[in-house]
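Geometric and topological summary
Residue strings, one per chain:
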Amino acid sequence: MDFFKLKEHKSDVRTEIYAGIVTFLSMIYIIPVNANIVSNSGMPLEALIIATALVTIIATAFSALFSNTPIAMSVGMGLNTYFTFGVCNTYQIPWQTALGAVFISGAIFTLLSFTNFRVWVVKSIPEDLRRAISAGVGTFIAFIGLSQMGIIVKSEATLVTLGDLSSTKVLFGLFGLFLVFTFWAWKIKSAFILAVIISALCAWIFNIDGASFPQEFISLPVINGENGLSAIFGQLDIKGALELTMIPIILTFFVTQLFDGIGTITGAGARGKIFDSKDGEKKLGRTLGADAAGSVMGSVVGTSTVTAFVESSTGVETGGRTGLTALVTAICFIFTLFLLPVFKAIPANSIYPILVLVGVLMFMEVTNINFKDKSIAVSVFFIVTMMPLTYSITNGIAFGFIAYILMCIMQKEFSKITFGVVVLGFISLLVFLLQGH
């Protein structure tokens, strides 16, 4: 195991294996959750289950071997929701073209990973605005989770209103919410998947909303056929994604992944001082590079943007310090390739409560924002509120950065308008101009 330099990182094989298993248990929920969400774009559920597992294995193993850090990779929560509901459903863009946009944004990010671009972003974009984007995405995906559960419904009089609380579907969704928030409050590391399993079992036992036990629990991965992996593998439409109107969407994928990746990787790394060593900056750069390359791989396999998973911090907290932790996680995910019948049988309202809790976790970033700064307060408000209200992460970011620049100008705080802010402000104006055509 000298490849991972365990002694140098003051770790051992037993600790790394244990940490890898803990990370796996913390993030296994992504397979049924992502597949269920993205299937709303028109992609087959069975194919998405296999694709999600496969891309998690490939991206996490690549990160382990390339960066030698305990950071696991999978399909990003928030961006998968934007991919489905914000791009495919709202703008009526075919999922093949949306995958092409993911590929382009990932390719750009990968190329820029070999430069000092990430350092420039960290230094030139106010940290409060980066946190606001995370919080805004949180409100957006929580809103979608609540609406998919039927807790929030459309209203002709008030646009949205409370759903029918006497409905079995809604009550079951509230039960799922209760479970996941309870397990999270109890600090159970596998809270997400435990809540999904228990709620699914209840649905199967009591036949809630037509749910029933899977006829079999293990099967070979479905590769061929209209519902097999071949139906989405390599089906991305890069040419269609190169149209002018796709620029805002590509930029949204890029900017959100960039900020999310930097925040997640540095946050998880800080818990174990992963990047504090003499080669820490090199390891950080390699991990960010693996994060970017994962999206390129994912779009080819047939998934939305791949990014570093915050659940990696659970493995770090239990002692994981090297790529061996991530490699063990990747190996564990191989077994999920054979659990298609189980994942397929999980009802939707066992899945969507996870979106709400993830939204809460992302929204918690607002606690670190300086609301005493008027420019920050106004821009953060627009970022966080406009994402769910316009059903678009793109619009939220655009409103926020334009508001920030205007507030700085009105207060004559010109020194706060960095080149990075100007660039994103210009892109934001471009977003609105392109949407008008």
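The protein is annotated in an unreviewed UniProt entry as NCS2 family permease of Campylobacter volucris. Database annotation for the protein, UniProt heading Sequence similarities (unreviewed entry): "Belongs to the nucleobase:cation symporter-2 (NCS2) (TC 2.A.40) family. Azg-like subfamily." On record in UniProt, under Subcellular location (unreviewed entry), the comment for the protein is "Endomembrane system".

1. Structural notes on the side chain of Gln257
Residue position: Gln257 is located in helix α11 (residues 247–272). Note on Gln257: relative accessible area 0%, which makes it buried. At 3.0 Å, the side chain of Gln257 and the backbone oxygen of Val306 are in polar contact. Those residues in contact with Gln257 that lie beyond four places of it in its chain are Leu79, Phe109, Asp291, Ala292, Ser295, Thr305, Val306 and Thr307.

2. Comments concerning the nonpolar core
When a protein is soluble and globular, its nonpolar side chains tend to lie buried together. Residues Phe83, Ile133 and Phe253 are the most contacted members of the largest nonpolar core, which totals 128 residues. Ranked by residue count, the leading element in this core is α11, at ten residues. Non-local contacts of Phe253, meaning those with residues more than four positions away in its chain, are made with Leu79, Tyr82, Phe83, Val87, Ala98, Ala101, Val102, Ser105 and Thr305.

3. Side note on the side chain of Ser105
Relative to the helices and strands, Ser105 is located in helix α5 (residues 95–112). At 2.9 Å, the side chain of Ser105 and the backbone oxygen of Val102 are in polar contact. Those residues in contact with Ser105 that lie beyond four places of it in its chain are Ile250, Phe253 and Phe254.

4. Some thoughts on the packing of aromatic side chains
Tallied over the entire structure, the rule returns 16 aromatic pairs. Ring geometry for Phe62 and Phe66: centres 5.2 Å apart, planes at 10 degrees, overall stacked. Of this pair, Phe62 and Phe66 both sit in helix α3 (residues 45–67), four residues apart, roughly one helical turn. Using a relative accessible area of 30% as the deciding quantity, one classes Phe62 as partly exposed. Ring-pair connections join several aromatic residues into one group, and the members of that group are Tyr29, Phe192 and Phe309. Geometry around Phe66 places Arg286 over its ring, the cationic atom sitting 4.5 Å from the centre.

Here is what the cut-offs are and how they apply
Residues numbered from 1 in each chain as written. Predicted model: local features only at pLDDT ≥ 70, side-chain atom pairs only at ≥ 80, totals over all residues. Heavy atoms only, no water. UniProt positions renumbered as here; feature names shortened; annotations may be inferred. Helix = DSSP H or I, 4+ residues; strand = E, 2+ residues; numbered from the N terminus. Buried < 20%, exposed > 50% of the residue type's maximum accessible area, 1.4 Å probe, protein only. Polar contact = N/O pair within 3.5 Å; in protein donor to acceptor, adjacent residues only side chain to side chain. Contact = heavy atoms within 4.5 Å. Core = buried A, V, L, I, M, F, W, Y, C linked by side-chain atoms within 4.5 Å. Phe/Tyr/Trp six-rings, centres within 6.5 Å; stacked < 30°, edge-to-face > 60°. Lys NZ or Arg CZ within 6 Å of the ring centre and 35° of its normal.

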